[in-house]
Amino acid sequence: MHAEVVVVGAGQAGLSAAYQLRREGTDFVVLDADAAPGGAWQHRWASLRLDRANGIADLPGMPLTGDPAERASVAMARYFADYERTFDLPVRRPVAVRRVTRTDDGFALATTGGTWTARGLVNATGTWSRPFWPAYPGRDTFLGRQLHAAQFTQAADFAGQHVLVVGGGISALQLLVELAEVTRTTWVTRRPPVWRTDDFDADAGRAAVALVEQRVRAGLPPASVVSVTGLPVTEEVRRARARGVLERRPAFDRMTPTGVAWDDPAEELAVDVVLWATGFRAALDHLAPLHLRAPGGGVVVEGTRVVAEPRLHLVGYGPSASTIGANRAGRSAVRELLTTLRG
C-alpha cells in the first residue's frame, strides 16, 4: 500500500494536516491507532466538561458547537467524527504504526494493518499513549492504589480515601480540586507552583511558544506546558485556595508500604491512593529506527520539520502541542513538506 503522504495520528494536529492535504489535492492517508474518532479527548475523565477543558480550539474549516456543560470526551469525539466525515478524510483505524524505516524514495511503515510506503510523513502521535511515571525508591512496595491521570475516571471512585496528587500541571490542579470535593487530598509538586495572575494574551502566548522552540531547536525534549504558561487562577481555584486545598508540599524522598516519606525532616504520610498527574512524553518510539534523537534527548526541529530528515514533520510536538498551535502547524507542515517533495 502506498500514499504520497502518510499522516500518523488523527487527533487535532493530524486532522489539521489532513484538512490541508485534502485542500492541496494530495494523495494521502491517515493512520490512527484508536478504534474510534476523538484522538486523546475520547479518553479524558468523565467529569471533564467542555467549559472546564483547557485550551480547546476549532479545527480548520468547521467550528465546534454544542453545550459547554457537555462531557468533553463525548463532545470532542462527535466533533472529530463529524469533521472526518464532512471533509471526507481517508482515516484508517485501528491501525497502529510500529516501526518507520527509510527507503530509497521515502519511508516504509510497518503497521498492525500491513506495510505502507510514502514519500513524505507527517507524525501527529501526540503524548497520550506515553504517560510518565516517575521513579521513586520503594514505589513497588506501596500497598495502596497507584494510577496515572490518564487512568482517572471520576472523583466518586475515591470517596472516603486519602488521595495524594503528585504533579504541578493543569491536569493535576483540575483533578485535585475535583477530588477535594469528595475526599481528603494532599498535593505534592517538585517545585512551588507558579500562578498566572495576568491575562494570557497573544503576546504571552508568543513568548511561551518561543521558549518551547528554543528547547526543541537545541535538541532537548519539550518542556511541560505549565513551565512556560503558569497555572491559571480561576474562580474555582480561588475557592479551593480558600478551603486550604492548594497547600502544596514538596516532593517526597521515598515511598513506603503505607504512603510516602520525607528524609529531611524525617516524616511519613499515610495515604490510600497515589495519583500520578505527572504528564506525558512524546510518543515517538516508532520513529526510533530513523535515529533522530539528539544528544540532549529530543528531536531537533525547525518549525515542524525534522532537521535530520526534511521529509518528516512533527506536528503536535514542542511549540505545536497546543490545539491552536496544532492547527497552524498542520497547515505550515503540509505546505513545507509538499514543497520539499515537489522540489
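Structural notes, computed from the coordinates. Keep in mind that what you see is a predicted model, and the values were worked out from it rather than measured. All residue numbers refer to positions counted from 1 along the written sequence of the respective chain. Where totals are concerned, whole chains, interfaces and linings use all residues; where local detail is concerned, this predicted model gives features only for residues with pLDDT of at least 70, and gives and counts side-chain atom pairs only at 80 or more. To obtain the side-chain values, all non-hydrogen atoms of the structure were included, while hydrogens and water were left out.

### What to know about the overall build of the protein
Across its full length, the protein holds seven helices and 19 strands. In the protein, once contacts between residues fewer than 6 apart in sequence are set aside, the share between residues at least 24 apart is 66%. About 16000 Å² of surface is accessible on the protein, with carbon and sulfur atoms providing 50% of the total. Secondary structure elements follow DSSP: runs of H or I no shorter than four residues count as helices, runs of E no shorter than two count as strands, and numbering proceeds from the N terminus. It only takes one pair of heavy atoms within 4.5 Å for two residues to be counted as in contact. All accessible-area figures derive from a Shrake-Rupley calculation using a 1.4 Å probe, and residue coverage is judged against the displayed protein chains alone.

### Considering the packing of aromatic side chains
Here a pair means two rings of Phe, Tyr or Trp (six-membered ring of Trp) with centres within 6.5 Å. Their orientation is stacked below 30 degrees between planes, edge-to-face above 60, and tilted elsewhere. Tallied over the full model, the rule gives twelve aromatic pairs. An aromatic cluster is defined as three or more aromatic residues linked by ring pairs; in this entry it consists of Tyr-136, Phe-252, Trp-262 and Trp-276. The rule is short: NZ of Lys or CZ of Arg within 6 Å of the ring centre and within 35 degrees of the ring normal puts a charge over the ring. Above the plane of the ring of Trp-276 lies Arg-139, whose end atom (NZ or CZ) is 5.9 Å from the centre. In this structure, Arg-281 is placed above the aromatic ring of Phe-132, and the distance from its NZ or CZ to the ring centre is 3.8 Å.

### Things to note about the sheet that holds strand β13 (residues 254-256)
Paired through backbone hydrogen bonds, the strands of a sheet run either parallel or antiparallel to each other. Two strands are counted as paired when DSSP detects at least two bridges linking them. With antiparallel pairing, the three strands of this open sheet are ordered in space as β13-β14-β15. The open sheet has two edge strands with one neighbour each: β13 and β15 (266-270). Ignoring strand direction, the axes of neighbouring strands in this sheet form an average angle of 25°. With three bridges connecting them, β13 and strand β14 (residues 259-263) associate as antiparallel partners. Bridge pairing links Arg-254 to Ala-261 in β14. Each axis is a line fitted through C-alpha atoms, taken for helices only over the stretch in contact, and angles between the N-to-C directions span 0 to 180 degrees.

### Some remarks on the pairing of strand β5 (residues 106-111)
Among the six residues of β5, five are classified as buried, and the element is accordingly described as predominantly covered. Sheet topology places strand β4 (residues 97-103) next to β5; six bridges connect them, and they run antiparallel. Within β5, the position partnered with Thr-103 by the bridge is Gly-106. Following β4, the chain reverses through two residues before pairing antiparallel with β5. Pairing analysis gives five bridges linking β5 to strand β6 (residues 114-123), with the strands arranged antiparallel. Across the sheet, residue Leu-109 finds its bridge partner in β6, namely Trp-116. Hairpin geometry of β5 and β6 is characterised by an intervening segment of two residues between the two adjacent antiparallel strands. The buried label goes to any residue with under 20% of its type's maximum accessible area, the exposed label to any with over 50%, and the partly exposed label to all in between, with areas taken from a 1.4 Å probe on protein chains only.

### Examining the pattern of salt bridges
For salt bridges, the criterion is a side-chain nitrogen of Lys or Arg within 4 Å of an Asp or Glu carboxyl oxygen. All told, the structure shown has 14 salt bridges when counted by the stated rule. Linking Arg-254 and Asp-263 is a salt bridge whose minimum nitrogen-to-oxygen distance equals 2.9 Å. Residue Asp-263 is classed as partly exposed on the basis of its relative accessible area, which comes to 46%. With its nearest N and O atoms 3.0 Å apart, the salt bridge here joins Arg-311 to Glu-309. You can call Glu-309 buried: its relative accessible area is 5%. Sharing partners across several salt bridges, the network here consists of Glu-4, Asp-105 and Arg-119.

### Describing the sheet that holds strand β8 (residues 162-166)
Taken in spatial order, the five strands of this open sheet run β7-β16-β8-β9-β12, and their pairing is parallel. Each of the sheet's edge strands pairs with one partner strand only, and the pair in question is β7 (145-148) and β12 (248-250). On average, each strand axis in the sheet is tilted by 25° relative to the strand beside it, whichever way the strands run. Sheet topology note: the strand β9 (residues 184-189)/β12 ladder contains three bridges and is parallel. Across the sheet, Thr-189 pairs through a bridge with Pro-250, a residue of β12. Sitting on the sheet, helix α3 (residues 170-179) touches β8, β9 and β16 (273-276), and the angle it makes with β8 is about 165°.

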